[in-house]
Every structure is written in structure tokens, then in C-alpha cells.
Amino acid sequence: MAKQRENKSKGKTSPKKDHFKGGKSYAKGNAPVKKNNPKQASNPNEMRLNKYIANSGICSRRDADMHISIGGVTVNGKIVTEMGYKVKLDDEVRFDGARITPEKKAYVLLNKPKGFATTTSEGKGRTVMDLVSNATNSRIRPIGRLGRNSMGLLLFTNDDTIHAKFTNSKHGVSRLFQVELDKNLKYEDLKQIKEGFKIAGKAVTVEDISYIDGAPKKEIGLKIKNTGNTIIRTIFEHFKYDIIKLDCVMIAELTKKDIPRGHWKHLTELEISTLKML
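Calculation criteria
- Residues numbered from 1 in each chain as written.
- Predicted model: local features only at pLDDT ≥ 70, side-chain atom pairs only at ≥ 80, totals over all residues.
- Heavy atoms only, no water.
- Helix = DSSP H or I, 4+ residues; strand = E, 2+ residues; numbered from the N terminus.
- Buried < 20%, exposed > 50% of the residue type's maximum accessible area, 1.4 Å probe, protein only.
- Contact = heavy atoms within 4.5 Å.
- Areas by Shrake-Rupley, 256 points an atom, 1.4 Å probe, with all protein chains shown as cover.
- Pairing = 2+ DSSP bridges.
- Salt bridge = Lys/Arg side-chain N within 4 Å of Asp/Glu carboxyl O.
- Phe/Tyr/Trp six-rings, centres within 6.5 Å; stacked < 30°, edge-to-face > 60°.
- Polar contact = N/O pair within 3.5 Å; in protein donor to acceptor, adjacent residues only side chain to side chain.
- Core = buried A, V, L, I, M, F, W, Y, C linked by side-chain atoms within 4.5 Å.

Asks: Honestly, the overall build of the protein chain in this entry has me stumped. Any pointers?
Replies: Along its length, the protein chain carries eight helices and 19 strands. Going through the 278 residues of the protein chain one by one, you find that 35% of them count as buried. Within the protein chain, residue pairs in contact and separated by at least 24 positions form 64% of the contacts whose partners lie at least 6 positions apart. Per element, the accessible surface of the protein chain, about 18200 Å² overall, is 49% carbon and sulfur.

Shown next, in the form of C-alpha cells:
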């Protein structure tokens, strides 16, 4: 019996050593409690200036800091050299004089139907912004305009460089329209429009104008660099014609291919690069 008890006592297990270290228990329930220091809530409408610049795609944060330090960045017209300076998302930030935004550049091409106004203002009924509302989170806006009853291609972007390229009075970007008139366009009127003329003492020029092959003489192709369509109506009203239908079918090299009326698409990298090289 004594031997049996001895064997039982040898079979007893001692507490596991890995539960103790240095006299302190690390068992569950005895672990040191970390104090949670409350953090200040960040303002979602603010960000550091260097991050703002980096998000715009201009350069890295490190390079942005260097540029800030030498006075190359302005916020709302004032030079800022302070490291860690915070800006609001609606502030006007300029990098080497060019305005930048911290959002991703977006390029959306819409095939506009009739009945939508080209405006970013509210209270104007149905607008083109309703048609592209789910295209991107970036704050895009249309380049130029098409009248409420006009149709065709309309480009939207938040890229100020592209906006400036289109609205440049000397260069601009070509747009091709199909125009249907209330009556056949006389050849002498077509020729005068093509050669250029004056309205109220101001010269009016187009890139090209021609009859559309296989169509009645009241259907015209017109290429022009002006970003609005008011000038097109003005041209034909000058020669006593009314426009029945106006459809923008091409902007530079962009076409309506695979974009049904009322739909949109994002430009491809190649299309974006082509626009930037114009």
C-alpha cells in the first residue's frame, strides 16, 4: 500500500511553469490592462496640405513638403510654408500656379438625350448631372454645353487642364455635329458659311461644313471648335434657317460607338492620353 501511495504521489502534476514568468501571472484575466487614451476625432473635411497635393497626383508627400517649404504652394491666394498645415477640401490650392484637387481625375463621356439641361445648378428640372450621378465620386462637370433639346456627346471631367484645353479661344477642340434644318441648305449659303462671314461686325468661322452623303440637303455635317451650341443656331438663323435636330457625334477622336443614348462610359487610358496631346 505504501508503495502504491508513493507511486500516486509521483503521478501528481505541478502547476505549468509557462503560466508564470518572473513571479507574474500571464493567465487570462491577470493580463495587464492597457489604458485607452481617447483620440481626437479627425475632421473628414480637412487634410494635411502635403497629403492633399499627393492625392492630386502631382507628386509624393515628401516632394510636396519640399515644394511647400520653398513657397511653391498657395492656399486661397496665400503662400503656405508651414509643415503639417491643414486645408479644407473646398479650399483653393495651387501648385506652381495651377489649381489642384485631392480627388482622382475622372473622365466621363455621355451620349446625351433630349430633355436634359446642361448645368450643374439645382432647380433646373432634369439635368445632365442626373445622368452621370453614379459614374464617379469625383466632382466632375461638363465641358461646354448642349441645349436641352440637343443630343449627343458631352464630356465631363474634374481635370482643369482638359477644361482649359477645350475652352481655349485660340485652339480649342473640334466637335462634329449632324444638323437637320427645316429646309434644304442652299449651296451659296453653305459656301459662305464655309468661307467665313460676319454677324454684327464679328467674324464667324467654322472648321468645315458639308452635305451628308446620301441624305437630303437639309441634313448637314458641321465641324466647329466652339464649346457651346448657341453659335450653331446663330449661324443658321443668320441665313434664315431653323434647326430641327442637333446631334454632337464626335469630340476630337471620341465617338458614340458603344454608348447608347442616355448612357455614359469612362474614357480609356489611351483616349485620355490622346486628349492631353491635342
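Here the narrative resumes, following the displayed structure.
Asks: What is the right way to read the sheet that holds strand 4 (residues 73–75) from this model?
Replies: Hydrogen bonds along the backbone pair up the strands of a sheet, which may run parallel or antiparallel. Strand order in the open sheet formed by four strands is 5-4-7-8, with antiparallel pairing between adjacent strands. The open sheet is flanked by strand 5 (78–79) and strand 8 (98–100), the only strands paired with a single partner.

Asks: Quick question: what am I supposed to make of the pairing of strand 11 (residues 151–157) here?
Replies: On a regular strand, each side chain points to the face opposite its neighbour's, so the side chains alternate between the two faces of the sheet. Taking burial as the measure, the seven residues of strand 11 include seven buried ones, the bulk of the element. In this structure, strand 9 (residues 107–112) lies alongside strand 11, joined through six bridges in antiparallel fashion. If you follow Y107 over to strand 11, its bridge partner there is T157. Sheet topology places strand 11 next to strand 17 (residues 243–251); two bridges connect them, and they run parallel.

Asks: Looking at this structure, I do not really get the pattern of salt bridges. What am I missing?
Replies: Two side chains carrying opposite charge are able to pair once their charged atoms lie near each other. If you walk through the whole model with that rule in mind, you get nine salt bridges. Linking E46 and K88 is a salt bridge whose minimum nitrogen-to-oxygen distance equals 3.9 Å. Of this pair, E46 sits in strand 3 (residues 46–48) while K88 is found in strand 6 (residues 86–88), placing the two residues 42 residues apart along the sequence. The class of E46 is partly exposed, set by a relative accessible area of 30%. Overall, K88 belongs to the partly exposed group, its relative accessible area being 44%. Residue K194 pairs with D208 through a salt bridge whose shortest N-O separation is 3.6 Å. A residue pair is termed long-range when its members are at least 10 positions apart, and K194 in helix 6 (residues 187–195) and D208 in strand 15 (residues 208–211) qualify at 14 residues. The exposure class of K194 is partly exposed, given its relative accessible area of 46%. A single network of salt bridges, built from pairs that share partners, joins E92, R94 and R99.

Asks: I tried to follow the packing of aromatic side chains on my own but got confused; where do I start?
Replies: Aromatic rings considered in pairs are described by the distance between their centres and by the relative angle of their planes. With the rule as written, the count across this model stands at one aromatic pair. With 5.0 Å between their ring centres and 80 degrees between their planes, F197 and F239 make a pair best called edge-to-face. With F197 in strand 13 (residues 197–199) and F239 in the loop between helix 7 (230–238) and strand 17, this residue pair connects regions lying 42 residues apart in the sequence. A single burial state applies to F197 and to F239, both of which are buried.

Asks: How should I be thinking about the environment of F197 in this particular structure?
Replies: Given a relative accessible area of 8%, F197 falls into the buried group. Distance in space between the C-alpha atoms of F197 and I235 is 9.5 Å, their sequence separation being 38 residues. Among all residues touching F197, those that are not within four sequence positions of it are Q192, K202, A203, V204, I235, H238 and F239.

Asks: Quick question: what am I supposed to make of the side chain of T157 here?
Replies: By secondary structure assignment, the location of T157 is in strand 11. Taking relative accessible area as the criterion, T157 reaches 0% and is therefore assigned buried. At a separation of 2.7 Å, a polar atom in the side chain of T157 contacts the main-chain carbonyl oxygen of A106. Once residues within four sequence positions are removed from consideration, T157 is found in contact with A106, Y107, I140, R141, I143, I162 and H163.

Asks: Explain the nonpolar core here, please?
Replies: Side chains of nonpolar character tend, in soluble globular proteins, to be buried together. Counting residues in each nonpolar core, the largest one holds 48 residues, and the members touching the most others are V179, I209, I232 and F236. Judged by nonpolar contacts, the second largest core, of 14 residues, contains L49, Y52, I53 and V87.

Asks: Before we go on, may I ask you to explain the side chain of H67 in this structure?
Replies: Its place among the elements puts H67 in helix 3 (residues 61–69). Aside from chain neighbours lying at most four places away, what touches H67 is G72, V73, F95 and D96.

Asks: Please clarify how the environment of K276 should be interpreted in this entry.
Replies: Mapped onto the elements, K276 comes out in helix 8 (residues 269–277). The class for K276 is partly exposed, based on a relative accessible area of 47%. Sequence separation between K276 and I162 is 114 residues, and the spatial gap between their C-alpha atoms is 6.9 Å. The contacts of K276, once residues within four sequence positions are left out, are Y107, D159, I162 and K165.

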